[in-house]
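This is what each chain is made of:
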Amino acid sequence: MSRQPLRLAIAEAERLLAAAGVSSPRVDAELLAAHVVGVERGRLMLHPLVDPPVVEALRQLVVRRAAREPLQHLLGTAVLGPVEVAVGPGVFTPRPETELLLEWGLRAIAGVASPLVVDLCTGTGALALAVAASRPDAQVHAVEADPGALVWARHNIAAHGGTVTLHAGDVRWSDLLLDLESHVDLVLCNPPYVPDDTELPPEVTEWDPPGAVFGGPDGLEIIRAVIATSAGLLRYGGHLAIEHDDTHGEAVPALLRRRRVLTDVTEHTDLTGRPRFATARRVDAPA
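Calculation criteria
Numbers given for residues are sequential positions, taken from 1 along each chain in its written order. With the structure being a predicted model, the display of local features is reserved for residues of pLDDT at least 70 and the display and counting of side-chain atom pairs for 80 or more, all residues being used for whole-chain, interface and lining totals. Each side-chain value is worked out from all heavy atoms of the structure, with water and hydrogens disregarded. In this entry, domain limits derive from an automatic or database-based domain assignment. Convention adopted: a line fitted to C-alpha atoms gives each axis, helices being fitted over their contacting stretch, and angles between N-to-C directions are expressed from 0 to 180 degrees. By the criteria applied, helices consist of DSSP H or I runs no shorter than four residues and strands consist of E runs no shorter than two, each listed in order from the N terminus. Should an angle lie under 35 degrees it is considered roughly parallel, over 145 roughly antiparallel, and from 65 to 115 roughly perpendicular; all remaining angles are considered oblique. By convention the crossing between two helices is left-handed if the near helix lies anticlockwise of the far one by an angle smaller than a right angle, and right-handed if it lies clockwise. Working rule for contacts: check all heavy atoms of both residues, and any pair within 4.5 Å makes them a contact. Throughout, the ten residues Ala, Val, Leu, Ile, Met, Phe, Trp, Tyr, Cys and Pro are labelled nonpolar, Asp, Glu, Lys and Arg are labelled charged, and all others, Gly among them, are labelled polar. UniProt positions are given in the numbering used here, feature names are shortened, and annotations may be inferred rather than shown by experiment. Two strands pair under a simple rule: DSSP has to find at least two bridges between them. Polar contacts, as used here, are pairs of N or O atoms within 3.5 Å; protein pairs need one atom able to donate a hydrogen and one able to accept it. Residues neighboring in sequence count only if both atoms are side-chain atoms.

Time to look at the domain arrangement of the chain. In terms of domains, the chain is made up of domain 1 (4-67) and domain 2 (82-282). Look at where the C-alpha atoms of domain 1 and domain 2 centre, and you get two points 34 Å apart.

Given below as structure tokens:
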């Protein structure tokens, strides 16, 4: 059984993925090849020749990716900041742009000793776990309503040593996390925020749970509840960050400003300059 050039297999994978409309065919081809070979992507050049079963395994994964199955599902994992979590059908796949939300949140609590942090709509638990990994002194709580997502969150939290406390709950509940009311230093949330009639790529519409993607006719249904819940959870001077759709650059800050207990409302853009998340701070304690 003669060995085969890996570069040719990757080139063919790139060709097939490009023809299927995958937005990053070369990157995806190399990541899939690295997954099959069992090395980091940057070390592929150290494996110029591979056995035919490796080429066939890569081909099978490429066929699935060309059918627009998410790359992270094929790899079985997704990365957010310092953590890697398991992903698959039934849970929203963390996106790279959420790292901006994470970085802002970590800066907001940089000067707080043993901060209390809540991640609403946690999904896989990735954001909460990333905070816990970055701030081992933090007490981190995560909230998720969907039973399917809760299975993934429990698995990921257990795999990371149980550093996050998981709650089965809905941000629309008026009694959510009452024990933490007025004590939280930071609330983070990447909620369902896409307006219902938005056209999205197959990786989203066919694989992400609709309830984790769509936020009602204007995309703001869950965000409104998140703002109301967060206003009650935050301590004086505590911070809030909410990711949102790129059409919400004015709407979400406006919703935040309607809450008299919130101040310093700021809109933030992603690396392409599109509106991506909004932040606010609970007002300081009265003198």
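And the narrative resumes.
What follows is about the packing of helix H1 (residues 6-19) against helix H3 (residues 52-66). For the pair H1 and H3, the least separation of the axes is 10 Å and the interaxial angle reads 15 degrees. In this view, H1 runs roughly parallel relative to H3, as classed from their interaxial angle. The element H1 and its partner H3 pack so that their crossing is right-handed. Of H3, the residues touching H1 (which contributes Ala-9, Ile-10, Ala-13, Leu-16 and Leu-17) are Val-55, Leu-58, Val-62, Arg-65 and Ala-66. Its residues assigned to classes, the contact of H1 with H3 shows nine nonpolar, no polar and one charged.

Now for the UniProt feature "domain: Methyltransferase small" (unreviewed entry) in the chain. As recorded in UniProt, the sites labelled "domain: Methyltransferase small" (unreviewed entry) are residues 113-194. End C-alpha to end C-alpha, residues 113-194 measures 35 Å, and it is 27% helix and 27% strand.

Here Leu-129 shows up in helix H6 (residues 126-134). Along the sequence, Leu-129 and Ala-149 sit 20 residues apart, while their C-alpha atoms lie 15 Å from each other. Among residues more than four places away in sequence, those in contact with Leu-129 are Val-83, Val-85, Asn-156, Ile-157, His-160, Thr-163 and Val-164.

Within a sheet, each strand pairs with its neighbour through backbone hydrogen bonds, oriented either parallel or antiparallel. Spatially, the seven strands line up as an open sheet ordered S7-S6-S5-S8-S9-S11-S10, and their pairing is mixed. In this open sheet, the two strands that pair with only one neighbour each are strand S7 (164-168) and strand S10 (262-269). Ignoring which end each strand starts from, the neighbouring axes of this sheet average 15 degrees apart. As paired strands, strand S5 (residues 116-120) and strand S6 (residues 139-144) are joined by five bridges and run parallel to one another. Residue pairing in the sheet places Val-117 in a bridge with Val-140 of S6. Of the strands in this sheet, strand S8 (184-189), strand S9 (234-243), S10 and strand S11 (275-282) are in contact with helix H5 (residues 98-108), which crosses S9 at around 165 degrees. The sheet strands contacting helix H9 (residues 221-233) are S5, S8, S9, S10 and S11, and the helix crosses S9 at an angle near 160 degrees.

Here, the residues flagged by UniProt with the feature "binding site: S-adenosyl-L-methionine" (unreviewed entry) are Glu-144 and Asn-190. For the annotated residues, spread through 47 residues, the largest C-alpha to C-alpha distance comes to 11.2 Å, consistent with a single compact locus. Residue placement: Glu-144 occurs in strand S6. Once residues within four sequence positions are removed from consideration, Glu-144 is found in contact with Cys-121, Thr-122, Gly-123, Ala-149, Leu-150, His-167, Ala-168 and Gly-169. At 2.8 Å, the side chain of Glu-144 and the backbone nitrogen of Gly-123 are in polar contact. Tracing the sequence through the fold places Asn-190 in the loop between S8 and helix H8 (202-205).

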